[in-house]
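# Chain and residue survey
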Amino acid sequence: MKKEGFFETIYAQVYGYVTDADMWVNIGMVLLKIAAIILISRIVLSVVQAAVNRIFQHRKGSKIQMDQRRVDTMRVLVNNIVRYTLYFLAILMILQLLGIDLKPVLVSAGVLGLAVGFGAQSLVRDIITGFFIIFEDQFAVGDVVTINNMTGTVQEIGLRITRVRSWTGEVHIFPNGTITQVTNFSLQNTLSVVDVSVAYEENLNQVEQVLREVLQLAQTELQDIVGEPQILGVQALGPSEVVLRVTAECKPNTHHGVNRNLRAMIRTEFTKRGIQIPYPKIVAMPGKGQA
Amino acid sequence: MKKEGFFETIYAQVYGYVTDADMWVNIGMVLLKIAAIILISRIVLSVVQAAVNRIFQHRKGSKIQMDQRRVDTMRVLVNNIVRYTLYFLAILMILQLLGIDLKPVLVSAGVLGLAVGFGAQSLVRDIITGFFIIFEDQFAVGDVVTINNMTGTVQEIGLRITRVRSWTGEVHIFPNGTITQVTNFSLQNTLSVVDVSVAYEENLNQVEQVLREVLQLAQTELQDIVGEPQILGVQALGPSEVVLRVTAECKPNTHHGVNRNLRAMIRTEFTKRGIQIPYPKIVAMPGKGQA
Amino acid sequence: MKKEGFFETIYAQVYGYVTDADMWVNIGMVLLKIAAIILISRIVLSVVQAAVNRIFQHRKGSKIQMDQRRVDTMRVLVNNIVRYTLYFLAILMILQLLGIDLKPVLVSAGVLGLAVGFGAQSLVRDIITGFFIIFEDQFAVGDVVTINNMTGTVQEIGLRITRVRSWTGEVHIFPNGTITQVTNFSLQNTLSVVDVSVAYEENLNQVEQVLREVLQLAQTELQDIVGEPQILGVQALGPSEVVLRVTAECKPNTHHGVNRNLRAMIRTEFTKRGIQIPYPKIVAMPGKGQA
Amino acid sequence: MKKEGFFETIYAQVYGYVTDADMWVNIGMVLLKIAAIILISRIVLSVVQAAVNRIFQHRKGSKIQMDQRRVDTMRVLVNNIVRYTLYFLAILMILQLLGIDLKPVLVSAGVLGLAVGFGAQSLVRDIITGFFIIFEDQFAVGDVVTINNMTGTVQEIGLRITRVRSWTGEVHIFPNGTITQVTNFSLQNTLSVVDVSVAYEENLNQVEQVLREVLQLAQTELQDIVGEPQILGVQALGPSEVVLRVTAECKPNTHHGVNRNLRAMIRTEFTKRGIQIPYPKIVAMPGKGQA
Amino acid sequence: MKKEGFFETIYAQVYGYVTDADMWVNIGMVLLKIAAIILISRIVLSVVQAAVNRIFQHRKGSKIQMDQRRVDTMRVLVNNIVRYTLYFLAILMILQLLGIDLKPVLVSAGVLGLAVGFGAQSLVRDIITGFFIIFEDQFAVGDVVTINNMTGTVQEIGLRITRVRSWTGEVHIFPNGTITQVTNFSLQNTLSVVDVSVAYEENLNQVEQVLREVLQLAQTELQDIVGEPQILGVQALGPSEVVLRVTAECKPNTHHGVNRNLRAMIRTEFTKRGIQIPYPKIVAMPGKGQA
Amino acid sequence: MKKEGFFETIYAQVYGYVTDADMWVNIGMVLLKIAAIILISRIVLSVVQAAVNRIFQHRKGSKIQMDQRRVDTMRVLVNNIVRYTLYFLAILMILQLLGIDLKPVLVSAGVLGLAVGFGAQSLVRDIITGFFIIFEDQFAVGDVVTINNMTGTVQEIGLRITRVRSWTGEVHIFPNGTITQVTNFSLQNTLSVVDVSVAYEENLNQVEQVLREVLQLAQTELQDIVGEPQILGVQALGPSEVVLRVTAECKPNTHHGVNRNLRAMIRTEFTKRGIQIPYPKIVAMPGKGQA
Amino acid sequence: MKKEGFFETIYAQVYGYVTDADMWVNIGMVLLKIAAIILISRIVLSVVQAAVNRIFQHRKGSKIQMDQRRVDTMRVLVNNIVRYTLYFLAILMILQLLGIDLKPVLVSAGVLGLAVGFGAQSLVRDIITGFFIIFEDQFAVGDVVTINNMTGTVQEIGLRITRVRSWTGEVHIFPNGTITQVTNFSLQNTLSVVDVSVAYEENLNQVEQVLREVLQLAQTELQDIVGEPQILGVQALGPSEVVLRVTAECKPNTHHGVNRNLRAMIRTEFTKRGIQIPYPKIVAMPGKGQA
């Protein structure tokens, strides 16, 4: 550094800068990279949107039951989320290329993202569980199921929720992530179970004989019954009655009707044969009166 | 470095600094970047605020029911949060450009942000769930629903809470995130279910005949009944009574009224026909007295 | 590096250091940055404290009900926390400028901050929920509400807790974050619901006629009743009684009193008209005695 | 830097760049590394997919019971997830080699990954628990178990869920992670426990004699009984009855049938021997009447 | 680099090192920094320990009730924790200055700190909640409160726990963080509520007249009663009795005694006036006997 | 840089590269480091596998009861996990030495690891709790314990689960981490507690005399009784009976049998001495009939 | 770089390397640092192990009750964990000095540490809570306490668990972290509370007179009673009886015995004075019979 005039020095150096190939090459590189980022963003966007569209189209013919209007809304929503996330990332990366340190923005975005992510984890769980409910054939639309103690017919299995219509007409709606225990009544033959009480005074053999006749009749008359009904035996010895248990395998989810029919047939036959109704009995002992 | 006079050395070097183009270019770059940060902050602020305003305007005509005053308060609140967050970020980035290491500030802000984020996760969950309740048409204002065992008419579905007015007039308020199971009574026809007890001594066929007549009458008299009421059969064999179940499909959420009418009609008819009331029966056996 | 005398070498180099403008400039820059950090800390402190003071002043005229003494204590507390946090951050940043690596301190502070943050998340949740309770008008001081199965009149809605005075005089205190379900009795007219039991032997038409007269009288005598009371119909067929339900819309939260008046009026009228009290009935059948 | 013509300077420097071996070597190195990344990705992909295929093939002969169709779907799914994850990683690493800073992308991907990971943790727990259920032989297909208060025969132990068929035909489906307490009835002989009530008036020694005879008969007649049944003694002194407990070890999960048979045999024998039925007893003391 | 003798070369270079001012300056700087770290550690330690001592001294005259011995133990404990933490940090920072990379140690310490922090979060929550219980005057020593369904007199409010002495003498101890719902009986007048049952056969007007006289007497005799007792009306129509509700505002937490006195006075007066005791009534209808 | 022929320049520079010792030394260093990594990996692998084998061998003679087949499977599993984890780490470190930035891979692996870690935390808790159950001698194989309300004999204490066989033969299986409250019946003498009801009409002194004689007899006859049985006194005054409590210390877990024997002996003695059975008593007052 | 013979160039450069003092100094520094790490590790190990040994020795004379054998096992365990952790850290730091980048290892170790830390958090909580139970004197060995609804005498307060022996002999074991509510019966005098039922027909004044005499007698006869017993008054008006409450302050945890004695004395005195037993009363009204 020789002593020169101040402005000559400045001039010389600025001239050096302007004619410095390094700088131009650098600027060229940066522009090239920015172009690359924009290009890649657009490609990723197209690919992801195509994938999203295909997923939602694919779903139409699948086991998930969703309203077409809701599917369209969802697709637009997902597309927009993807688009603005990509734009945001592209802008951040370009700013970084221009030499602006984005640490504060990244820390803020990360913290915000984590907070939202924690709040949204039940949403993620709903969707994952929903996927597995369908994948594992836990239940299908039309099945009679008990979910979290509410029973009804499955109306719709969606991305996030399942709708079940109870037999009395109300619609129960469950987020899929809360479905921790499912009981499906439509997969297998169900068992009709009727407990019949008779007085201790009755002859058990005779009662079983009568029951056997009723069950034989039931098997021929009730079409929902599959196979031969059975008398299991003495289920309990109550305070005033002997409880006999009768079972009949029947078609899936028809046991409520079979139960009612069996109860009516048994009651009618018992009345006909004079088998006593086991009213509660009590032994009343006379005591000394109080003043 | 040759031995020169001390002050000449200092002078020469300071002179070198002042005339060093690198420094001026650096300063220029920093000023340029600061200007860019301020500019981008303002653009982002305008864009986000326009978006916020549009979201809140858009909501007015939508399914979310919010008081206009509350919407305005909310908009101002969100705008202010965005504004001060952006200012904070811009200041941090400018400080960083000026060569001040912000690691302690970033760590503190990150930890604070995480703590607040954890505390706020139920808020995030409320809003996400609220969005899906509306998007999935789980219920609408005016529907009769049961949410977490409280039943009533939906009054308002808000960003964070849902208000339900019970039939006795109290208003239940639920954060949306706590709504894990919804039962909607207004989507489908509901079923009126009446259990009728008769004494074991009655003739079941005759009782069913009477019931059939009552139901026929009910179908013509009660306008809420849709389709033909049915006698399901013997629902239970109680200690002193046979329980018969009667059902009638009726318009959504009218089953309480239909139930009451059916009960009254059946009771009146039974009294007229002399069908016994199944008072509890007990067999009292005399025992030996105690001293 | 030529062979020179040892001390000359040292001397030359130290001299070079002392006369090195870079070092002085560096020292100057560091001093400048320290001054900037101190200045910015003070500005931030003033701004934040002014904001804190304004928030707490603003609250005096607002819906939050807080004791003035507690507000002052809280303001001093928040100011102190802000002050010492800023001092701590400023010291850290100055140390860093002086070239001391603070990674161990930052990791420790971060871990400690996270631990405290996790422990304090219920505090954050309390305050956020409290803000929304007020913002959403869930209830106001003076309303009768049921919160988590405890009913009473709202006495105070604070930053972190809500106080409710039950009608028997005890004060229930709830952290706002635990208030997950609110039932407000003061927003809407409430419904007086009285269930009246009559014996099966009574004529239902005649009973309803008597009830209608009583309700007409009640409507004119009881000022809390709004609109016309109604006989809903047969609510249940009990073992020994028919249950009739009577309702009357009344002013918010006056239904307890109206219920009592209706019960007294109905009972008096029933006694006057000779409508039987439905004492439990039992059919006692004589059995054979045991030995 | 001498004063030359502007374009000569530029030309000279660009020429210098083009002929700079460093640059060509660098470009060569980058290309080499990209090739290495692609190669390693492909190798990893092949290895992982082979492993996946082997795992799913291996499972066919194992204790996990899965439908072949579902296994295939699962394999394709896992393969696709692995493939696209590797592609994504390879692209990121290549971009980084090209000098594009990926911090924003990495932060976003990390936050998203954490959010999904939190939501998916119940999925991970299901699979880990499922693995241990099989590894620890907690139960096998065909065993009768009680899981979370639902009893039935194990139908299928899958990767994520277990299916249990109750004896009445409904199928209970449990995510493995919710199985916190298992009761297995098929591992050991079960104990038939029958409580027999007799009146206080009976002679206990005589009753025990009768019971002993019945049990002896039962041991020879009922094939499910293993070893000698026992009279444990007086289990309780009820208000009107002495309760005697009788036990009989029987083959795994046959106790329900043995219970019923024992009850019937004891009841029949007691009737034959004239041992009184312990009907509830009450001492009725005459009081002074009320007006 | 010319070919010289090997050892000359080594010698020359080592000599260069030893005479290199940079190295000596560096060593000087490092020593200076170490001294600074030690100095700052000592200052921070003194400041923090003074603060800790002051906090614990300050607490002696405050609302927190702590045993002096325990306060001293706690102070020593906190001082030791602060001391060893600072020593640990100072050693880490000095090691780092000496050029030893501490990343493994920091990662280990961070993970350990997080694990302990998670385990200790209930401790943090206890202390924060305890602070707010005192700050918000939720209850004071001597108040009668119900905390988590346990009622008693507050004995001690500590840093982490609260002690409550029930009226039967046992001491309940609650960690402050588990106190989610407090009911305080000592802040307001409590209400004595007595439900009086009379037979349906009584004349309600006459009964109310008698009650009114009793209440007037009670108001003059019982000093805990504040203001005029009231007959609220017919609270319920039971199966055999009419329930009348009587209330009397009384001094805080004296309602148990007032209740007992009112019950005794009413019962005595009723006996005197011949108002019937509403013994359970039953209508026994004779039925046909069973065989 | 002088103007030379293009290819000469390139040639010269490439020649420079090839003959540059730095590069060769670098390559040598990298190869050396790779060799070191491989060597260290192998050593670590051997050490860890030896440790694993020793742990599993050591366990055979210890308190943990595990099937040999399962121990072997577990050892192979753990060895494989260790092996592949080490291979994975070694490959990553070699790639890094070759200058490939692994940040994307590390972020992905970290996120995946965290997700799996969260899902596996109940597994970790199970094993830690299991270790402490054994270390603290909470119970041993053969003890009779109550865990989470299920009682039985401990069959096996494993790494992750504990098996308990109930006295009726079913096997309860608990993950160790869910064992939060253990009641052990085999550590101490248990107390036989028998409550004896006698009519109010009996003379308490005489009854106690009889009881004392029975207990003296029991002490000599029943070998499980340790020390002298005691009459505690009047435990309750029931509606129709006085309840006396009798206790007898007996050998661990023999109280069920002693209870049954005491009940039988007391009942027999009472019958012999004519002490009345306290049948429920009721005072029936005649009322006026209803129409 | 002049054109020389290839091998001369290589030779010259390698020679340069070998004679380069920088390298030798570097190697020296690294060796020095490794020595320092090993030295510091050893010192830390000794200090920590001495501390561990002192802690466990110190505990022997303290309030924590631990078996000596278990203390020794624990000390060895903690020492080993510390030793191997330090070895692991030292090896990592030495590898880093040798220029091997350990990021993959650190990430893996961090993730693994976090996973284990999460699983172990209940262990940390147990120990922290245990420390506070002892520090706060919540209970001591020998106290009678109720923890989580299980009552008994404290047998042992350990590092992680507390053992309580119920009065019937079973030992309850609680992890300290699950002890959220403690009731201590041994800190204060307890109150004996006896509710005495008398018929409505009795004269209350006369009954109270009798009670007063009994209580006076009890105060002199029962040594556990402290101060004067009291008749609180009419606790309830039952369906057939007036309930009087009697209390007596007695020595800590002696109330069960006092209760029994008071009940016996009162019952005996009542029988002597002819005060009626309040058997349940019922008014039986004759109804019309059913067919």
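Chain A goes by Mechanosensitive ion channel protein MscS in an unreviewed UniProt entry, where it is assigned to Brevibacillus reuszeri. The UniProt entry for chain A carries this comment under Sequence similarities (unreviewed entry): "Belongs to the MscS (TC 1.A.23) family." Check the Subcellular location (unreviewed entry) section of the UniProt entry for chain A; it says "Cell membrane".

### Side note on the interface of chain A and chain B
Of the residues lining the interface, 66 residues belong to chain A; the matching set on chain B comes to 67 residues. Carbon and sulfur atoms supply 66% of the area that chain A and chain B bury against each other, a total of about 6000 Å² over both sides. Counting the surface chain A buries against chain B, the share from its top three residues, A:Ile173, A:Arg260 and A:Tyr279, is 11%. Our count for the chain A to chain B interface comes out at 1 salt bridge. With a shortest N-O distance of 3.0 Å, B:Glu136 and A:Arg160 are connected by a salt bridge. Linking chain A with chain B are 15 residue pairs in polar contact (both at pLDDT 80 or more), by the criterion used here. Broken down by element, the residue count for the side of chain A that touches chain B peaks at 11 residues, all from helix 4 (residues 103-119) of chain A. By residue class, the composition of the side of chain A that touches chain B is 37 nonpolar, 15 polar and 14 charged. Judged from the 3 bridges that link them, strand 4 (residues 171-175) of chain A and strand 5 (residues 182-184) of chain B form a sheet pairing that is antiparallel. Along strand 5 of chain B, the bridge assignment pairs A:His172 with B:Thr183.

### Observations concerning the side chain of A:Arg267
With respect to the element layout, A:Arg267 can be found in helix 7 (residues 255-273). An unpaired buried charge is present at A:Arg267: no salt bridge exists, and B:Glu201, the closest side chain of opposite charge, is 8.6 Å distant. Not counting the four nearest positions on each side in its chain, A:Arg267 is found in contact with A:Ile275, A:Ile277, B:Tyr200 and B:Leu237.

### Overview of helix 3 (residues 68-97) of chain F
If you check helix 3 of chain F, its first and last C-alpha atoms are 43 Å apart, about what 30 residues at 1.5 Å a residue would give, namely 44 Å. Positive phi appears at F:Gly99, one or two residues downstream of helix 3 of chain F, with a value of about 90°.

### As for the sheet that holds strand 8 (residues 241-250) of chain A
Pairing is antiparallel in the open sheet, where 3 strands are placed in the order 6-8-7 (chain A). Only two strands of the sheet have a single partner each, and these edge strands are strand 6 (190-199) and strand 7 (230-237) of chain A. This sheet shows a mean twist of 25° between the axes of neighbouring strands, independent of strand direction. Sheet topology places strand 7 of chain A next to strand 8 of chain A; 6 bridges connect them, and they run antiparallel. Note that in strand 8 of chain A the partner of A:Ala236 across the bridge is A:Val243. Running over the sheet, helix 6 (residues 204-221) of chain A touches strand 6, strand 7 and strand 8 of chain A and is turned about 25° from strand 8 of chain A. Relative to the sheet, helix 7 (residues 255-273) of chain D contacts strand 7 and strand 8 of chain A, its axis offset from that of strand 7 of chain A by approximately 65°.

### Section: the confidence of the model for chain A
Reading predicted coordinates in detail is not appropriate for stretches of low pLDDT. Across chain A, pLDDT averages 84, with 89% of residues at or above 70. Least confident of the elements in chain A is helix 1 (residues 6-18) of chain A, whose mean pLDDT is 67; most confident is strand 1 (residues 144-147) of chain A, at 95.

### Description of the pairing of strand 9 (residues 281-286) of chain D
Burial along strand 9 of chain D is one-sided: D:Lys281, D:Val283 and D:Met285 are buried, while D:Ile282, D:Ala284 and D:Pro286, pointing the other way, are not. Bridge analysis of strand 9 (residues 281-286) of chain A against strand 9 of chain D gives 4 bridges, and the strand direction is parallel. Following the sheet pairing, A:Val283 is matched in strand 9 of chain D by D:Lys281.

### Re a positive patch on the surface
On the surface, A:Lys103, B:Lys103, C:Lys103, D:Lys103, E:Lys103, F:Lys103 and G:Lys103 cluster together into a positively charged patch. On the secondary structure map, G:Lys103 appears in helix 4 (residues 103-119).

### Comments concerning helix 5 (residues 121-135) of chain E
Residue and element names in this part refer to chain E. Taking 1.5 Å per residue, 15 residues should reach 21 Å; helix 5 reaches 21 Å between its end C-alpha atoms and fits that length. For helix 5, the buried fraction is high: 11 of the 15 residues fall into the buried class. Directly beyond the C-terminal end of helix 5, a positive phi value near 55° is found at Asp137.

Procedures and definitions
Residues numbered from 1 in each chain as written. Chains lettered and ligands numbered in written order. Predicted model: local features only at pLDDT ≥ 70, side-chain atom pairs only at ≥ 80, totals over all residues. Heavy atoms only, no water. UniProt positions renumbered as here; feature names shortened; annotations may be inferred. Contact = heavy atoms within 4.5 Å. Buried area = accessible area lost by both parts, 1.4 Å probe. Salt bridge = Lys/Arg side-chain N within 4 Å of Asp/Glu carboxyl O. Polar contact = N/O pair within 3.5 Å; in protein donor to acceptor, adjacent residues only side chain to side chain. Helix = DSSP H or I, 4+ residues; strand = E, 2+ residues; numbered from the N terminus. Nonpolar A, V, L, I, M, F, W, Y, C, P; charged D, E, K, R; others polar. Pairing = 2+ DSSP bridges. Buried < 20%, exposed > 50% of the residue type's maximum accessible area, 1.4 Å probe, protein only. Lys, Arg positive; Asp, Glu negative; His and termini not counted. Expected span 1.5 Å × (residues − 1). Axes fitted to C-alpha atoms, helices over the stretch in contact; angles between N-to-C directions. pLDDT = per-residue confidence, 0-100. Patch = residues over 30% accessible without salt bridge, like charges linked within 9 Å, V, L, I, M, F, W, Y side chains within 5 Å. Areas by Shrake-Rupley, 256 points an atom, 1.4 Å probe, with all protein chains shown as cover. Charge placed at Lys NZ, Arg CZ, Asp CG, Glu CD.

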